[in-house]
Amino acid sequence: SQKIEQNSEALNIQEGKTATLTCNYTNYSPAYLQWYRQDPGRGPVFLLLIRENEKEKRKERLKVTFDTTLKQSLFHITASQPADSATYLCALRMDSSYKLIFGSGTRLLVRP
Amino acid sequence: KAGVTQTPRYLIKTRGQQVTLSCSPISGHRSVSWYQQTPGQGLQFLFEYFSETQRNKGNFPGRFSGRQFSNSRSEMNVSTLELGDSALYLCASRVGDEQYFGPGTRLTVT
């Protein structure tokens, strides 16, 4: 069956360290993968998109990698700050439609 | 530019009733998608509208329906509400590959 997995346990790190979040998928061949940030009671906010033919994408302190052989994406936040504390969601776009399949999200807590 | 707006933000309904939620996309965006978010199932795609036409539909029963108007505003309707319909309903407008979500409507069914 098709599945998208993100660490269900919260990731707890010290301010200044690099946070690394994982998104694994099975039985999908996505056209691209996106990462979103969601704060409690609010809608997700788009962060980064990486296409199937790209290995890595960067935006300021954010970096995303995409390994279609391993069927895995890693999302890194360098020099993390308490304001980065939120739930991070990965989402796959499967085909020519714009239907997104979301993972369950990983909660990140950055301690001051 | 104003973001995606959704009304109402909170709603309480009883089983068997119906509800209509509204979404106004970012100006110039012609695509609107709807998602349901629950603690157990996460974010699940409901449907997408583009230029007043439904382009995609998720795996939800026919009680869930939607429409889009000529000004790109969209409404979602749920009939015969069930307790399990309690969720955060999110609308997103899209330009290119980037989706912009609204704050959501929190629906509670009692």
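Predicted model only: the values in this text are computed from it and were never measured.

Caption draft 1: Quick look at the pattern of salt bridges. Throughout the structure, instances matching the rule amount to 12 salt bridges over all chains. A:Lys57 is the salt-bridge partner of A:Glu54, the closest N and O atoms lying 3.6 Å from each other. Residue class for A:Glu54 comes out partly exposed when judged on its relative accessible area of 22%. On the basis of relative accessible area, A:Lys57 is assigned to the partly exposed category, the value being 28%. The partner of A:Arg93 in a salt bridge is B:Asp97, and the shortest N-O contact between them spans 3.2 Å. With A:Arg93 in strand β9 (residues 86-93) and B:Asp97 in the loop between β9 (87-95) and β10 (98-101), this residue pair bridges two chains. What you see here is one network of salt bridges that share partners, running through A:Arg51, A:Arg93 and B:Asp97.

Caption draft 2: The arrangement of the nonpolar core in detail. Formed by 24 residues in total, the largest nonpolar core has its most connected members in A:Ile4, A:Leu33, A:Trp35, A:Phe75, A:Ile77, A:Tyr88 and A:Leu108. Every element with two or more residues in this core is listed here: β3 (19-26), β4 (32-38), β5 (45-51), β7 (62-67), β8 (72-77), β9 and β11 (106-111) of chain A. Excluding its chain neighbours within four sequence positions, the residues that come into contact with A:Ile4 are A:Cys23, A:Asn24, A:Tyr25, A:Tyr28, A:Cys90, A:Leu92, A:Ile101, A:Phe102 and A:Gly103. Listed in part, the 21 residues of the second largest apolar core include B:Leu11, B:Val19, B:Cys23 and B:Val78.

Caption draft 3: Layout of the packing of aromatic side chains. Per the counting criterion, the structure on display carries 12 aromatic pairs over all chains. The interplanar angle of 50° and the centroid separation of 5.5 Å between the aromatic rings of A:Tyr36 and A:Phe102 together place this pair among those described as tilted. Residue A:Tyr36 is located in strand β4, and its partner A:Phe102 is located in strand β10 (residues 100-102); the two are separated by 66 residues in the primary sequence. Here A:Tyr36 matches A:Phe102 in class, with each residue buried. Between B:Phe47 and B:Tyr49, the aromatic rings sit 5.7 Å apart at their centres with planes inclined by 70°, giving edge-to-face as the arrangement. Feature note: the residues A:Tyr36, A:Phe46, A:Phe102, B:Tyr35, B:Phe45 and B:Phe101 constitute an aromatic cluster, connected by ring pairs. The ring centre of B:Phe50 lies 4.6 Å from the NZ or CZ of B:Arg55, which sits over that ring.

Caption draft 4: Local environment of the side chain of B:Gln68. Residue and element names in this part refer to chain B. Tracing the backbone shows Gln-68 in strand β7 (residues 64-68). Here Arg-30 takes part through its backbone oxygen, which lies 3.0 Å from a polar atom of the side chain of Gln-68. Separated by 2.9 Å, the side chain of Gln-68 and the backbone nitrogen of Glu-52 make a polar contact. Beyond its immediate sequence surroundings of up to four residues, Gln-68 is in contact with Arg-30, Val-32, Tyr-49, Phe-50, Ser-51, Glu-52, Thr-53, Arg-73 and Ser-74.

Caption draft 5: Geometry of the side chain of B:Arg94. Here B:Arg94 shows up in strand β9. Polar side-chain contacts of B:Arg94 include one of 3.1 Å to the side chain of B:Glu48. Residues contacting B:Arg94, with those up to four places away along its chain left out, are A:Tyr98, B:His29, B:Arg30, B:Ser31, B:Glu48, B:Phe50, B:Arg55 and B:Gln99.

Parameters at a glance
Residues numbered from 1 in each chain as written. Chains lettered and ligands numbered in written order. Predicted model: local features only at pLDDT ≥ 70, side-chain atom pairs only at ≥ 80, totals over all residues. Heavy atoms only, no water. Salt bridge = Lys/Arg side-chain N within 4 Å of Asp/Glu carboxyl O. Buried < 20%, exposed > 50% of the residue type's maximum accessible area, 1.4 Å probe, protein only. Helix = DSSP H or I, 4+ residues; strand = E, 2+ residues; numbered from the N terminus. Core = buried A, V, L, I, M, F, W, Y, C linked by side-chain atoms within 4.5 Å. Contact = heavy atoms within 4.5 Å. Phe/Tyr/Trp six-rings, centres within 6.5 Å; stacked < 30°, edge-to-face > 60°. Lys NZ or Arg CZ within 6 Å of the ring centre and 35° of its normal. Polar contact = N/O pair within 3.5 Å; in protein donor to acceptor, adjacent residues only side chain to side chain.

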